[in-house]
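Tertiary structure, described
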Amino acid sequence: MTFYADLPEWKDIDPIPLPYSETAPVVQIMYSERFKDVFSYMAAIMQRKEYSKRALALTTDAIDCNAANYTVWHYRREILRHLNLDLQEEMRFTESVIDDQPKNYQVWHHRRCIIEMSGDPSQELKLTSWTLSSDAKNYHAWDHRQWVLSQYKLWDNELEYIDKLLDADLRNNSAWNHRYFVIENSLGWNKDRIAQELEYAGSYIKKAPNNESSWNYARGIIKKNKMKYLDFPYLKDLCTSLNEAHVPSPFLLHTLADIHIEEGNTTAARNMFGTLQELDSIRKKYWAYRQNQLTAAA
Amino acid sequence: MSTTEVQDSEVVEEQGKHESAPKKLLREKHKKYFKQMLTLLPEPFQAHDSSRLTLLYFSLSALDLLGAVDELISEKRKHELIAWIYSLQVKHDEEHGYSRCGFYATDSIPEKVDNNHGHIAMTYVALCSLIILGDDLSGVDRESIIQSLKVLQLSSGSFQCISYGTESDARFVYCAACISYFLKDWRGVDVKGAADFLFSIQSYEGGFAQNIGRESHGGSTFCSIAALHLMGKLEELPEDNKENLITWCLNRQQSGFNGRPNKPV
């Protein structure tokens, strides 16, 4: 391993050593020799406000030691602005850090900054779908993808992408959330759209009636758009037929109960909440509370 | 692997673990561990150098919950810890104004380099830590911190964490609310703006996401509700929204709690 302290091309720099308390250490990290070497030079470069190619290379090493250091990433961006370099190399670098540490906040923010600098979002859908292929629920990847889609209006193939994800795993809650987001920001919500999406959700509910994600979507698209369950006969029909088939799904019974409440049929709703206390016993107290609420109202 | 397969195999593993797991909290072992973590951290922690002040807070908070702060931390040691925390404070100066004010995470890049910026989450954990240690906060440059919050709040009502530009989300709104609450001074926060932002991040699922349109998540739900409560704005959450939130939160419990539907606990 070569230390900066031994490199002739860095001879002009006096490294600034990391503070270390012998007598009163406080959360004192046992930094490696390499870490101390890299950061003592990083500190010196920052003090000089040097924005050079060698400074850029130094930030690469600093990021390798600690990819969560905001100050180093920010300094790297200052260097990139000063040097006005081609950003393709930077894109490759961020991609390699994302690949290695896909849950690191700083690298994703850096990627966003680079895209803003270049104005070129053309690789971002590929990057995020690549990251999501390893972890389909990576919050950072979804956040970045949604930012790119909104910013650059790249909606065209997105519903198709969601279909693929749900075919692979219909319990992928992130994909369901993404569907809401895409429709909200591209096609828009109206009664017809909600009706269509209810049938979409319904097809998945029938496949896996205990999947919270599809129920949250079905219920949410109605409620977030300030409508009533009764505005969509399909939903009540779906719930009724599943219930007649004795499908033991707490989400089904909860939805049916809420539909009965809208109808003013408190007796039926109370029965549902009664059954739920048995079926979904971990939430027994909540279902009892919902049941009692109806008595109080009556 | 699909979610169901993952969930099934995880359930079997969890059941196996439970058979041999201790039935009581191993208090003395935890106390010993966190006391050690106040002092020296092994080399792998260098990847967490930028969270060093947070690591201090975690250990202090754990000892506090275990009722062991006075038992395990002498007055002399408390002063050492307090002094270290204060050494990470950036105060107002002519050149930078209030933009860099607050506390930063680590002195690995020393003060004299003049490049350390306050980080809203470090300011939050610094204040928490000082309070746990019984400090009266008289060393806190309150005005600087309050003014720095103004710099960090965005037009959306949300907050970023450092003045030169970072990500922004519910975590930092929570930090801003806690800081203002501790210092009993809300001049640094546009409370209506922050509350409006938080109301806007409640998703169709009933939970709160990190940003608008994102997925409801346990962490951001906590941050949002806690911040709204501290700001005195929670009662403005409409009744239906509150019910949806409650349902979403309760549905997080499988055995323990997961953070999002169909994720492991």
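My aim in this report is to walk through the structure given alongside it, one point at a time. Keep in mind it's a predicted model, so treat the numbers as computed, not measured.

Quick look at helix 6 (residues 124-134) of chain A now. An α-helical turn contains 3.6 residues, so a residue and the one three or four places further along point in the same direction. All names here are of chain A. Residues of helix 6 that are buried: E124, L127, T128, T131 and L132. Down the axis, helix 6 shows its buried residues gathered within 130° of arc, on one side only. Away from its buried face, by an angle of more than 90 degrees, helix 6 presents the exposed residues K126, W130 and S133. Taken together, the buried residues of helix 6 touch helix 4 (88-100), helix 5 (105-118), helix 7 (139-152) and helix 8 (158-168).

Residues and elements named next belong to chain A. You will see that V27, though not glycine, has its phi angle at about 35°, which is positive. Mapped onto the elements, V27 comes out in the segment before strand 1 (28-29). On the basis of relative accessibility, which here comes to 0%, the residue V27 falls in the buried class. Look at K49: it is not a glycine, yet its phi comes out positive at around 55°. Tracing the backbone through its elements, the reader meets K49 in the loop between helix 1 (33-48) and helix 2 (53-65).

Another aspect to go through is the packing of helix 10 (residues 191-207) of chain A against helix 11 (residues 212-223) of chain A. A pair of packed helices is characterised by two quantities: the angle between their axes and the separation of those axes. Residue and element names in this part refer to chain A. It is the contact of helix 10 with helix 11, at a shortest axis distance of 9 Å, that shows an interaxial angle of 165°. On the basis of their axis angle, the class for helix 10 and helix 11 is roughly antiparallel. For the pair helix 10 and helix 11, the sense of crossing is left-handed. Contact residues: I194, E197, L198, A201, Y204 and I205 in helix 10; S214, W215, Y217, A218, I221 and I222 in helix 11. Residue classes in the contact of helix 10 with helix 11 are distributed as ten nonpolar, one polar and one charged.

A word on a nonpolar patch on the surface. On the surface, a nonpolar cluster with roughly 250 Å² of combined accessible area is contributed by Y20 and M30 of chain A together with L40 of chain B. Among the structural elements, L40 of chain B can be located in strand 1 (residues 40-41).

The interface of chain A with chain B comprises 59 residues on the first partner and 65 residues on the second. Carbon and sulfur atoms make up 52% of the area that chain A and chain B hide from each other, which totals about 5600 Å². Looking at the side of chain A facing chain B, the largest losses of area belong to V27, Y70 and Y139 of chain A, adding up to 14% of the total buried there. Here R214 of chain B and D143 of chain A are joined by a salt bridge, their closest N and O atoms 2.7 Å apart. Looking at which element gives the most residues to the side of chain A that touches chain B, the answer is helix 9 (residues 173-185) of chain A, with six residues. Class assignment for the residues of the side of chain A that touches chain B results in 32 nonpolar, 19 polar and eight charged. Inspection of the sheet shows strand 1 of chain A paired to strand 1 of chain B by two bridges, in the parallel sense. Following the sheet pairing, Q28 of chain A is matched in strand 1 of chain B by L40 of chain B.

Conventions we followed
Along every chain, residues carry numbers that run from 1 in the direction the sequence is written. Going through the entries in the order they are written, you letter the chains from A and number the ligands from 1. Local features in this predicted model are restricted to residues of pLDDT 70 or higher, and side-chain atom pairs are both shown and tallied only at a pLDDT of 80 or more, whereas totals for entire chains, interfaces and linings draw on every residue. Hydrogens and waters are ignored; side-chain quantities use all the structure's heavy atoms. Exposure is judged per residue with a 1.4 Å probe applied to protein chains only, and the accessible area is read against the type maximum: over 50% gives exposed, under 20% gives buried, and values in between give partly exposed. Secondary structure elements are defined from DSSP: runs of H or I of at least 4 residues count as helices, runs of E of at least 2 residues count as strands, and each element is numbered from the N terminus. Starting at the helix axis, one direction is taken to each C-beta atom, and the arc is that of these directions. Contacts are assigned to residue pairs with any non-hydrogen atoms lying within 4.5 Å of each other. A fitted line through C-alpha atoms serves as each axis, taken over the contacting stretch for helices, and the angle formed by two N-to-C directions is quoted from 0 to 180°. Each angle gets one of four labels, with under 35 degrees taken as roughly parallel, over 145 as roughly antiparallel, 65 to 115 as roughly perpendicular, and the rest as oblique. Handedness of a crossing follows from how the near helix is turned relative to the far one, being left-handed for an anticlockwise turn of less than a right angle and right-handed for a clockwise one. Ten residues, namely Ala, Val, Leu, Ile, Met, Phe, Trp, Tyr, Cys and Pro, are considered nonpolar, four, namely Asp, Glu, Lys and Arg, are considered charged, and the remaining ones, Gly among them, are considered polar. In this scheme, patches are assembled from residues that exceed 30% relative accessible area and form no salt bridge. Like charges are connected within 9 Å, while nonpolar side chains (Val, Leu, Ile, Met, Phe, Trp, Tyr) are connected within 5 Å. Each accessible area value is a Shrake-Rupley result obtained with a 1.4 Å probe; residue values ignore everything except the protein chains displayed when judging cover. The term salt bridge refers to a side-chain nitrogen of Lys or Arg lying within 4 Å of a carboxyl oxygen of Asp or Glu. Here the buried area means the combined drop in accessible surface, using a 1.4 Å probe, for two parts upon being joined, counting both sides. Two strands are counted as paired when DSSP detects at least two bridges linking them.

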